[in-house]
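Fold and contact review
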Amino acid sequence: MTIPSHTLNDGTTIPAIGLGTYNLLGSEGDASISRAIDSGYRLLDTALNYKNEGDVGEGIRASSVSRDELFVTTKLPGRHHGYDSAIASLEESLGNLGLDHVELYLIHWPLPKVDKYVDTWRALIELRERGLTRSIGVSNFTPTQLQRLIDETGVTPAVNQVELHPNFPQGELREFHAAHGIRTQSWSPLGSRHADFTTVPTIVDVAAAHGVTPSQAVLRWHIQLGSVPIPRSGDAGRQRENLDVFGFELTDAEITAISALESGRLWDGDPDTHEEF
Ligand SMILES: NC(=O)C1=CN([C@@H]2O[C@H](COP(=O)(O)OP(=O)(O)OC[C@H]3O[C@@H](n4cnc5c(N)ncnc54)[C@H](OP(=O)(O)O)[C@@H]3O)[C@@H](O)[C@H]2O)C=CC1
Ligand SMILES: O=C(O)C(=O)[C@@H](O)[C@H](O)C(=O)CO
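Conventions adopted
- Residues numbered from 1 in each chain as written.
- Chains lettered and ligands numbered in written order.
- Predicted model: local features only at pLDDT ≥ 70, side-chain atom pairs only at ≥ 80, totals over all residues.
- Heavy atoms only, no water.
- Salt bridge = Lys/Arg side-chain N within 4 Å of Asp/Glu carboxyl O.
- Helix = DSSP H or I, 4+ residues; strand = E, 2+ residues; numbered from the N terminus.
- Buried < 20%, exposed > 50% of the residue type's maximum accessible area, 1.4 Å probe, protein only.
- Near = heavy atom within 4 Å.
- Polar contact = N/O pair within 3.5 Å; in protein donor to acceptor, adjacent residues only side chain to side chain.
- 1 Å grid on protein atoms, 1.4 Å probe; cavity = no way out; pocket = protein on both sides within 12 Å on 5 of 7 lines; lining within 4 Å.
- Sits in = over half its atoms within 2 Å of the grid points.
- Nonpolar A, V, L, I, M, F, W, Y, C, P; charged D, E, K, R; others polar.
- UniProt positions renumbered as here; feature names shortened; annotations may be inferred.
- Contact = heavy atoms within 4.5 Å.
- Areas by Shrake-Rupley, 256 points an atom, 1.4 Å probe, with all protein chains shown as cover.
- Pairing = 2+ DSSP bridges.
- Right-handed = clockwise from strand over helix to strand, strands pointing away.

Per the counting criterion, the structure on display carries 10 salt bridges. For the salt bridge of D45 with K75, the shortest nitrogen-to-oxygen distance reads 2.6 Å. Pair noted here: D45 is in strand β4 (residues 43–45) and K75 is in strand β5 (residues 71–76), with a separation of 30 residues, a long-range link. Accessibility classification places D45 together with K75 in one group, the buried group. Note that R122 is salt-bridged to D119, the shortest N-O span being 3.2 Å. With R122 and D119 both in helix α4 (residues 117–130), this residue pair falls three residues apart, about one helical turn. Accessibility expressed as a relative area gives 35% for R122, which makes it partly exposed. When its relative accessible area of 40% is taken as the criterion, D119 is described as partly exposed.

The environment of ligand 1 is formed by 26 residues, the closest being D45, S188, R232, S233 and R238. Taking T21, its main chain carries an N or O atom lying 3.3 Å from an oxygen atom of ligand 1. More than half of the atoms of ligand 1 fall within 2 Å of the grid points belonging to the largest pocket. Tallying contributions element by element places helix α9 (residues 236–243) first for the shell around ligand 1, with three residues. The residue makeup of the shell around ligand 1, split by class, is eight nonpolar, 13 polar and five charged.

Okay, the UniProt feature "binding site: substrate" (unreviewed entry) in the protein chain next. According to UniProt, the positions carrying the feature "binding site: substrate" (unreviewed entry) are H108. Here H108 shows up in the loop between β6 (102–107) and α4. For H108, the contacting residues outside a window of four places in its chain are A47, Y50, K75, L76, S139 and N140.

Relative to the assigned elements, I17 resides in the loop between β2 (13–15) and β3 (19–20). For the pair I17 and E262, spaced 245 residues apart in sequence, the C-alpha to C-alpha distance is 22 Å. Excluding residues within four positions of it along the chain, I17 makes contact with I3, L43, I223, V228, P229, P231, N242, L243, V245 and F246.

On to the site of ligand 2, then. Taken together, Y22, Y50, H108, W109, R193, W267 and E276 make up the full set of residues adjacent to ligand 2. One nitrogen or oxygen atom from the side chain of W109 is found 3.3 Å from an oxygen atom belonging to ligand 2. Relative to its unbound accessible surface of 330 Å², ligand 2 loses 75% to contact with the protein. Spatially, ligand 2 is embedded in the largest pocket. Residues of the shell around ligand 2, tallied by class, amount to four nonpolar, one polar and two charged.

All right, on to the pairing of strand β8 (residues 159–163) then. The element β8 is largely enclosed, with a buried count of five among its five residues. Relative to β8, strand β7 (residues 133–139) runs parallel, the two being bridged by two bridges. The residue of β8 that forms the bridge with V138 is N160. Note that β8 and strand β9 (residues 183–187) share five bridges and pair parallel. From the neighbouring strand, V159 faces β9, where its bridge partner is R183. What joins β8 to β9 is helix α6 (residues 171–180), and the crossover it makes is right-handed.

Structure, rendered in structure tokens:
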């Protein structure tokens, strides 16, 4: 199965869907990541704070796919905000991964109270110049925080990875992204451990109309919003199911109906107040 891709604002390309790896750990994690790559995934999402960059690297090397076909994302934790510590942090992540570069490096959370995210962004610009990452972006940034990066550095993030799912469709943020050439990426696209979209009548009905599962209908919804979902699964069958979302198309009415399920965040992940170090 060929995964479509998008061109980012820096001219590189990103696969239209990827594998989230939060809590895929140890030898079981390595095996599920390797299996996912062999079943067609080309984007792997991790973070220094997931404590599994080594497992992602092992999964890559155990797979039958060459490294240069893969798109690896990792993220800078809050405790490493600041220019010099950000430079060192990616070097630490690359050591954990056993790679000489990643395709995308993200600031994991903005931490506005710490107020070092602009300097941290300047470090990511330098890291891209050095070739340690192909693209740079952010995660959990608001339009105000994105605008500040653009105004103070002149460099627009290629990606903003944010909470996005049927209960939280992020319409206004996605409009800001579209106006500024920022690719949206959806974390917890299936509601994670906090929501179960597989029994929501609207989603069940849309899925039945297309002969697919509710999770596939939700992931197709993300795809047609123009976002890049990164569903996490350690199960081989569900990994394949999640990847098989390019053989059908939702109608505008179905997209609108799923987006109308908006009710709020899964937990208190408000970027203006939530802090992870
Ligand atoms: N930047 C950030 O701040 C954040 C980033 N993330 C990233 O986003 C990724 C995805 O988000 P995450 O919170 O993990 O949760 P998801 O929304 O991807 O949901 C994962 C859960 O859904 C289950 N699942 C997966 N596929 C299916 C399916 N087809 N049918 C039924 N259940 C299914 C999984 O179980 P099983 O594994 O058993 O299949 C798991 O319990 C993370 O792994 C991480 O990489 C997440 C949160 C914050
Ligand atoms: O998964 C991530 O990238 C995170 O930031 C997690 O810590 C996330 O905040 C979460 O899953 C909390 O329950």
